[in-house]
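# Report on the structure
Letter by letter, the chains look like this.
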Amino acid sequence: MLILAIIKYDLMIKVISQNSIIPSDHNHQVYPYHHLLGIDGLTRVDIDYLLNRSEWFVEHNRQMDKKCTSLQGRTIINLFFESSTRTRTSFELASKRLGSDVINMSVESSSIKKGESLIDTAMTLNAMHPDVLIVRHPESGEVQLLSEKVKCSVINAGDGSHEHPTQALLDALTIRRRKGYLEGLEVAICGDITHSRVARSNIYLLLIMGARVRLVAPPTLLPSKIERMGVEIHHNMKSGIAGCDIIMMLRLQKERTRGSFVPSAREYFRYFGLDTKKLKTAKPNALIMHPGPMNRGVEIDSLVADDIKRSLIREQVEMGVAVRMAVLDLLISNQAKI
Amino acid sequence: MTTLYNNARLLDPASGLDTMGALLVHEGKIVKVSEKVFVDLLQVDADIVDCKERCLAPGLVDMRVQMREPGNEHIETMYSAQKAAVAGGITTFAPLPNTNPIIDDVSLLEFVQRRALEIGLANVHPYAAITKGLRGSEITEFGMLADSGAVAFTDAKYSVSNSLVMRRALSYASIFKRTIVQHPEDPYLASKGSANEGEIATRLGLSGIPSIAEVIMVERDLRLVELTGNSYHAAHLSTAAAIEAIRQAKKRGLPVTCETAPPYFALNEDAIIGYRTFARLSPPLRSEQDRLAVVAGLADGTIDAIASDHDPHDHNRKDVPFSQAVSGAVGLETLLPISLELVHTKAMKLIDLLHRLTVAPARILGLPYGTLKLGGDADLVIFDLNRIDKVTPERFASKSRNTPFDKRPIEGRVWRTVYRGNVVYDVEK
């Protein structure tokens, strides 16, 4: 598998043309969409294709000169209805490295008059002829609704508890680069599944790619009937991560300790926080991931988070920029096809 | 003025009559129900309407309709609601008190009745609120409201969740012989939920309303009914468990009734996929097993009535993220055709279905309508049972278009609606 990936990678480098920054698309059936709204509905071929294109940008971003011009003259709007630093920065950097003009719009959710002005905002932006809208919103389904109202491409940068597709892609890329493959891996996703769009996108993606997924969480943080998505459920951290290749930790938002999801942060850490002791049951070479920002001492112990041999947390951030460049580049080139 | 509705399939669910015949109306009253079609028409001194073997039944009685007058007349007015009702074959309906202001006071109740009479296309018998401002804490003036025409009491889309308030409402209403109508949903279990708890809500990242939220409230209320002895009606049931609870309560002889609405037997939770806010309802659309239980409950009579649960909204309230969208769908004009699916799929006999749409809800509310009895008001619906059509919101008389049945193929269409002897709706006009 690893060898195959390397060969694939070599092949790709060779087909890069001078004016199009990315290998030309020989198969027009692969990922023909104008939007990236979620992982649900994508095929294994689509995902492989996106990851392969991302690989190219990983190398590109490690060069001294990171600027390319494939998106020169294009306008990209980062429309964030929810606070975010890393995702927004990552998208902004990705857009700039591709040569496009980027505008950041942060709309405090308190100042949105729910719904009505949101559509108005979309229509206003639409009239400015952007090429891509990158949207984060606290409500599930909002990004899809917005994509139906505007003419440009829309990327879901996280909608409510629904999906966060670029996060799942960057996680997959991170794993694939370390392990060489995704198929057959045992992946444990631990923490607040109910409120996590990262969890949902990752579940979809990992299952599509043939990995096995376990969810480890207290029942209060697991949404109803989640097992029907094809995952295994565990309520005990030690048995839940036993024999795992990958452990994905999720952020426990502080407000969850109110409202009877969990009684306190310290109790949560005792039973569901990842520390060296619990980690022993996983495979010796098990890798640890976290979408950030981390709550040290709540869901993850600092010793584990900072273990450079096992923690992929910094690599995830690097992959984020590459994946987002690949997605932007692909959506823009799909626009040109009609 | 005398009119003969000739050559019709007469259906009177109150008596079980289902025969070809003719109906004679004089001065707005039914004066003759003939089990024979008149052939020698020259002998008849009346206007003759040839129904061409269409079904002729009592005008439908819709016990759950939301109006927006007073307060939100751009969404629905008394006029548009009555127009929509008669276009759907409904000649009697009971509007809920959740207008703005809320109908919790005699003067407001009288306003609604006065507006209804001014338009005069259908009987309108409004509910009054159980609690002031629908806040669930202090009961309204049941006696004065009942004397002023409150047909029953309900807190509309809110549950009376405080057990003590519910107990007192049931006890106190018994003096005035009024039914307490509950929207059964535990507000804590349902909090912030926007879809049926289950796989679909989980996949869509929406917080769920568990189906037990319904049965928990129904079962608590049944205990209070047992204690107080007052009649109780559970509105728009959507779950198998709640229907079973009512079934058992009826076996125990409790004075309880219940109703459902077309979405709960014609759709399931799959209808919300793609964040279709028109399919966001309260209670939410449930699982397929629940839907089948609603059909079974209708067929065996556990569910007494079908109401439209008409709940009009404008685009501003629906064209928003799913969890922010208000719940509810219009239903006046789809009540009959969607209900007829139960007949076409052979789940129910036509006469039984019409029972749930006419005399049953009329009896729950203590109203004399929904039958073809001699001397009664000539409130009639004449419909084509097999006419193929599709739901076309653009043609709705209602001011709102939020239907989850958009473009659904239907079989059965209202031909004419007659209210007190006058044709108030004619599909050909």
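Keep in mind that this is a model prediction, so the values were computed, not measured. (Residues numbered from 1 in each chain as written. Chains lettered and ligands numbered in written order. Predicted model: local features only at pLDDT ≥ 70, side-chain atom pairs only at ≥ 80, totals over all residues. Heavy atoms only, no water.)

### What about the overall build of chain B?
A tally of helices and strands in chain B yields 13 helices and 18 strands. Relative to a compact globule of 429 residues, whose C-alpha radius of gyration would be 22 Å, chain B shows 21 Å and is just as compact. Taking the principal axes of its C-alpha atoms as reference, chain B extends roughly 70 × 50 × 45 Å. In chain B, which comprises 429 residues, the proportion classed as buried is 64%. At a minimum sequence separation of 6, the contacts of chain B that also span at least 24 residues come to 74%. For chain B, the computed accessible surface area is about 15,900 Å², with 51% contributed by carbon and sulfur atoms. (Helix = DSSP H or I, 4+ residues; strand = E, 2+ residues; numbered from the N terminus. Rg over C-alpha atoms; globule rule 2.2 N^0.38 Å. Buried < 20%, exposed > 50% of the residue type's maximum accessible area, 1.4 Å probe, protein only. Contact = heavy atoms within 4.5 Å. Areas by Shrake-Rupley, 256 points an atom, 1.4 Å probe, with all protein chains shown as cover.)

### Description of the UniProt feature "binding site: L-aspartate" (unreviewed entry) in chain A
Residue and element names in this part refer to chain A. Under the UniProt annotation, "binding site: L-aspartate" (unreviewed entry) lies at Lys114, Arg197 and Arg251. Relative to the helices and strands, Arg251 resides in the loop between strand S8 (246–249) and helix H9 (265–272). Beyond its immediate sequence surroundings of up to four residues, Arg251 is in contact with Asp192, His290, Pro293, Met294, Asn295 and Glu299. Polar side-chain contacts of Arg251 include one of 3.0 Å to the backbone oxygen of Pro293. (UniProt positions renumbered as here; feature names shortened; annotations may be inferred. Polar contact = N/O pair within 3.5 Å; in protein donor to acceptor, adjacent residues only side chain to side chain.)

### A few points about the UniProt feature "domain: Dihydroorotase catalytic" (unreviewed entry) in chain B
Per the UniProt record, "domain: Dihydroorotase catalytic" (unreviewed entry) is found at residues 54–239 of chain B. Between the end C-alpha atoms of residues 54–239 of chain B there is a gap of 35 Å, over a span that is 34% helix and 16% strand.

### Examining the interface of chain A and chain B
Contacts between chain A and chain B engage 24 residues on the former and 17 residues on the latter. The junction of chain A with chain B conceals about 1,700 Å² of combined surface from both sides, 50% of it contributed by carbon and sulfur atoms. It is Glu139, Ser140 and Ser224 of chain A that lose the most area in chain A upon contact with chain B, and together they represent 26% of the buried surface on that side. Note that Asp319 of chain B is salt-bridged to Lys149 of chain A, the shortest N-O span being 2.8 Å. Elements supplying a minimum of two residues to the side of chain A that touches chain B: helix H4 (116–127), helix H5 (142–147) and helix H7 (197–208) of chain A. Residue classes in the side of chain A that touches chain B are distributed as seven nonpolar, eight polar and nine charged. (Buried area = accessible area lost by both parts, 1.4 Å probe. Salt bridge = Lys/Arg side-chain N within 4 Å of Asp/Glu carboxyl O. Nonpolar A, V, L, I, M, F, W, Y, C, P; charged D, E, K, R; others polar.)

### Comments concerning the sheet that holds strand S9 (residues 153–154) of chain B
All names here are of chain B. The five strands lie next to each other as S9-S10-S13-S14-S15, forming an open sheet whose pairing is parallel. Each edge of the sheet is formed by a strand with only one pairing partner; in this case those strands are S9 and strand S15 (305–306). In terms of strand pairing, strand S10 (residues 180–182) meets strand S13 (residues 232–234) through three bridges, oriented parallel. Bridged to Val181 within S13 is His233. Sheet contacts for helix H4 (residues 163–173): S10 and S13; angle to S10, the most-contacted strand, approximately 150°. (Pairing = 2+ DSSP bridges. Axes fitted to C-alpha atoms, helices over the stretch in contact; angles between N-to-C directions.)

### Quick word on the pairing of strand S17 (residues 409–419) of chain B
Residues and elements named next belong to chain B. The buried fraction of S17 is high, at eight of eleven residues. As paired elements, strand S16 (residues 380–390) and S17 share eight bridges and run antiparallel to each other. Bridge pairing in S17 links Asp389 to Ile410. Between the antiparallel neighbours S17 and strand S18 (residues 422–426) lie two residues, among them Arg420 with a positive phi of about 50°.

### Quick look at the packing of helix H11 (residues 335–344) of chain B against helix H12 (residues 350–357) of chain B
Residues and elements named next belong to chain B. Where H11 contacts H12, the two axes come as close as 9 Å, and the packing angle between them is 145°. As H11 runs across H12, the sense of the crossing is right-handed. Residues Leu335, Leu336, Ser339, Leu340, Leu342 and Val343 of H11 lie in contact with H12, whose contacting residues are Leu350, Leu353 and Leu357. Here the residues of the contact of H11 with H12 are counted per class, giving eight nonpolar, one polar and no charged. (Left-handed = near helix turned anticlockwise from the far one by under 90°.)

### Some thoughts on the UniProt feature "binding site: Zn(2+) 2" (unreviewed entry) in chain B
Residues and elements named next belong to chain B. With numbering matched to this structure, UniProt assigns "binding site: Zn(2+) 2" (unreviewed entry) to His183 and His236. Across 54 residues of sequence, these annotated residues stay compact in space, with a maximum C-alpha separation of 7.3 Å. Residue position: His183 is located in the loop between S10 and strand S11 (195–196). Relative to the elements of secondary structure, His236 occurs in the loop between S13 and helix H7 (240–251). Ignoring any residue separated from it by four or fewer positions in sequence, one finds His236 in contact with Arg64, His183, Glu214, Glu259, Thr260, Tyr264, Ser282, Pro283 and Asp309.

### Digging into the pattern of salt bridges
Scanning all chains against the criterion turns up 41 salt bridges over all chains. Linking Asp309 of chain B and Arg64 of chain B is a salt bridge whose minimum nitrogen-to-oxygen distance equals 3.0 Å. You can see Asp309 of chain B sitting in the loop between S15 and helix H10 (315–318) and its partner Arg64 of chain B sitting in strand S6 (residues 60–65), a full 245 residues away along the chain. Looking at Asp309 of chain B, the relative accessible area reads 9%, which means it is buried. Linked through salt bridges whose partners overlap, the residues forming this network are Asp48, Glu55, Glu59, Arg176 and Arg177 of chain A.

### With respect to the domain arrangement of chain A
All names here are of chain A. One can read the domain layout of chain A as domain 1 (28–163 + 319–336) and domain 2 (165–253 + 260–312). Taking the mean C-alpha position of each, domain 1 and domain 2 sit 25 Å from one another. In this complex, domain 1 contributes 36 residues to the contact, which on the side of domain 2 involves 27 residues. Taken together, the two surfaces of domain 1 and domain 2 that pack against each other cover about 2,500 Å², and 61% of this comes from carbon and sulfur. When the buried area of domain 1 at its contact with domain 2 is split by residue, Ile39, Arg44 and Leu51 rank highest and sum to 24% of it. Between Arg176 and Glu55 there is a salt bridge, and its shortest N-O distance comes to 3.4 Å. Viewed at the interface, domain 2 and domain 1 are joined by eleven residue pairs in polar contact (both at pLDDT 80 or more). Residue composition of the side of domain 1 that touches domain 2, grouped by class: 13 nonpolar, eleven polar and twelve charged. (Domains from an automatic or database assignment.)

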